Amino acid sequence: MTNTDVSVPLVPLKGIELEIGGMTCASCAARIEKKLNKLDGVTATVNYATEKAKVTVPEDYDPALLVAEVVKTGYTAELPKPKEGAPAKTVADDDPELRSLRQRLIGAVVLSVPVIAMAMVPALQFTYWQWASLTLAAPVIVWAAWPFHKAAFINLRHGAATMDTLISMGTGAAFLWSLYALFFGTAGVPGMKHPFELTLAPSDGAANIYLEVAAGVTMFILAGRYFEKRSKRQAGAALRALLEMGAKDVSIVRDGVETLIPIDDLSVGDEFLVRPGEKIATDGVVVHGTSAVDASMLTGESVPVEVAEGDGVTGATINAGGRLLVRATRVGGDTQLAQMAKLVEEAQTGKAEVQRLADRISGVFVPIVIGIAVVTLGAWLGAGFPATAAFTAAVAVLVIACPCALGLATPTALLVGTGRGAQMGILIKGPEVLESTRKVDTIVLDKTGTVTTGKMTLVDAVAVEGTKHATLLRLAGALEDASEHPIAQAIAKAAVQEGGSLPTPESFTNIEGRGVEGRIEGHDVLVGRESLLLERGIEITDALAAAGREAQAGGKTVVVAAWDGAARGILVVADTVKPTSAEAIVGLKALGLTPVLLTGDNEAVARQIAGEVGIDEVIAEVLPSEKVDVVKRLQAEGRVVAMVGDGVNDAPALAAADLGLAMGTGTDVAIEASDLTLVKGDLRGAVDAIRLSRRTLGTIRTNLFWAFAYNVAAIPIAAFGMLNPMLAGAAMAFSSVFVVGNSLRLRGFRSVTAD
């Protein structure tokens, strides 16, 4: 009898991250991914945006095999060497690939401009100008355009065609034909001219050179590729900014002696001091002291968290109150800050990259053009024309198919669109961002600092009968002015705004975590929690207690003021809604978007804020990791999600969303993790940002259409052998002028809030 119940041993797996180089489009990423997944036991995903491959392999798998497979495919790969606790890849200021691209661009600009000028302006065509053009153009076409030729060769090996194929084919054909005309035709004779004629007349092509077409195309498309690559290189900036938020040094206490050491030398179990206003160095537990900790960057809650002995605290949050002694429980890569950095990185790596439209068009356009060139060659030879004339017509088809305007289509629209955006306080990061704005149907809004101001403000003061409102504010404000607590500062600020300068307390005592007391103008004043006053035997009237409960039910913070042994009033403090938020919600709904309020704050506060601005859908009391889950859940429901936030706690969700918008008044981490930044911190900017992005995308699409259309229209002329150099140059120039002119129309974009 055969035993069929054979258990298959589970093979332990490990994750490996490869840094990929040499990719020029999304199809490159797909090609590498396909190759890696063919290896036994390997599961891989490759992301073009972050230039990384995430690979799962058996634990004993040699990573060198993965690197070798990528290299065999025609790209570069290396294993990152991360510092413990840091993200795997940081972007070097002097990136070799970016530096190489910049050098090629500078060289192309310097050499191409004279070539184009001589070809287009007959007055500049001196006796041996054609040979000078060759000298200048050759390095551009061979060296500067090398990345395009290399990518085209890799694509050819895999039977694919992209924009790189089109550029390489067109520039190569123009260059090789120009060499033929110079060395074997009549184009190299002294005094040769390209007269300014746009006539259609058959020619054997031996007197024509197309060096300016090849050099110009290379220059313009290199410029577009350089700016795109530079934008992409910012992907790791969010992670660097996130890790830099932590404290750099820490005051530890060992054997009763305080010593300042670098944060990297801190160990689990060490006790360290945190003074008011300082960052908490790492995750830990309070050993001694009480204070208020501003944890809004992690939790999203605007009200500082009161902590005492035994309470946990998180690294990089701010100690807003008293002096704390903390015992470290997690350090380095185990801290909540490091875990958040990992969340951001995973969200960025998993973000789907929109494949460039030009590549998709080229994939169809290139085979068609090659087919037309072959048919043209066969037709001319079949009709009995000389081989020279037949090859001239076929090469002319390839030359005119290389659209110079394609190199300008995206960069010029982006340049004008982003420039106009910058004037309006909107920063757009790259072309892939624009595709998302067209499809977005849901916009998730963080509450604190996005819909609200993110700052504690006195919103109400209720005095008992017989006590003047001004006196309540004056005495309570004077006492609170001596405290560093954010709630105290909000009360003091309101008191100054209403009554001017405040008296100086004759005495002051901070009852940590509960309130303050002191003597002011002969009165013994106490301001704090209701429980503190009851402990001191001070009765609170039913009217005051009812007003306090009503305010707390709306998510507000209430403190009670008393002097001379009697309760005199309550002070209500809250994070207030920005004046423009309700108008912004109306604008977002007009764009067809469904707003969702997402916050770490409690349900009561969230509902109250949502009601004020007109948001129906509310998701409250969520942690940073849960914000990412919410975004992913909405995406799983088929929604295309935009996220607006301002804090570190929003960064992972901003990176995971289809479109991330950061308030410029927020943290660097949120800004770097986002796709769009609203410099002014006004939510109405989100409406303008999406409108401008959609308009810019529409302009790019129009540019791409006309960039091809002009050349497509000229292909029949080339096929009939009537393409002269001036016509080729004019088609290039006219399509470029149209593209630039169309892009410049974006300068007239106006804000919905403009008067």
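It should be noted that the structure appears before, not after, this text.
Rules used throughout
Residues numbered from 1 in each chain as written. Predicted model: local features only at pLDDT ≥ 70, side-chain atom pairs only at ≥ 80, totals over all residues. Heavy atoms only, no water. Salt bridge = Lys/Arg side-chain N within 4 Å of Asp/Glu carboxyl O. Helix = DSSP H or I, 4+ residues; strand = E, 2+ residues; numbered from the N terminus. Buried < 20%, exposed > 50% of the residue type's maximum accessible area, 1.4 Å probe, protein only. Pairing = 2+ DSSP bridges. Axes fitted to C-alpha atoms, helices over the stretch in contact; angles between N-to-C directions.

Caption draft 1: Structural view of the pattern of salt bridges. On inspection of all chains with the given rule, the structure shows 18 salt bridges. Across the pair Glu 583 and Arg 684 runs a salt bridge whose closest N-O atoms are separated by 3.3 Å. Taken together, the positions of Glu 583 in helix α20 (residues 581-590) and Arg 684 in helix α25 (residues 684-719) put the pair 101 residues apart, joining distant regions of the chain. You can call Glu 583 partly exposed: its relative accessible area is 43%. Here Glu 637 ties to Arg 639 by a salt bridge, and the two come within 3.5 Å at their closest N and O atoms. Note on Glu 637: relative accessible area 47%, which makes it partly exposed. Residue classification places Arg 639 among the partly exposed residues on the basis of a relative accessible area of 22%. One salt-bridge network, held together by shared partners, links Glu 617, Arg 633, Glu 637 and Arg 639.

Caption draft 2: The arrangement of the sheet that holds strand β21 (residues 566-577) in detail. Strand order in the open sheet formed by six strands is β16-β21-β20-β19-β18-β17, with antiparallel pairing between adjacent strands. Every other strand in the sheet has two partners, leaving β16 (452-463) and β17 (507-511) as the edge strands with one partner each. On average, adjacent strands in this sheet sit at an angle of 20 degrees to one another, irrespective of strand direction. The sheet contact formed by β17 and strand β18 (residues 515-520) spans five bridges and is antiparallel. Among the inter-strand pairings, Asn 510 is bridged to a residue of β18, identified as Val 516.

Caption draft 3: Structural detail: the sheet that holds strand β23 (residues 617-619). Here we have seven strands laid out as an open sheet, ordered β14-β26-β25-β24-β15-β22-β23, and mixed in their pairing. Of all the strands in the sheet, just β14 (426-428) and β23 have a single pairing partner and so form its edges. For this sheet, the mean angle separating the axes of adjacent strands, direction not counted, is 20 degrees. Alignment of strand β15 (residues 442-446) against strand β22 (residues 594-598), held across five bridges, turns out to be parallel. By the bridge assignment for β22, Val 444 is matched with Val 596.

No statement about biological role is implied by the geometric values presented.
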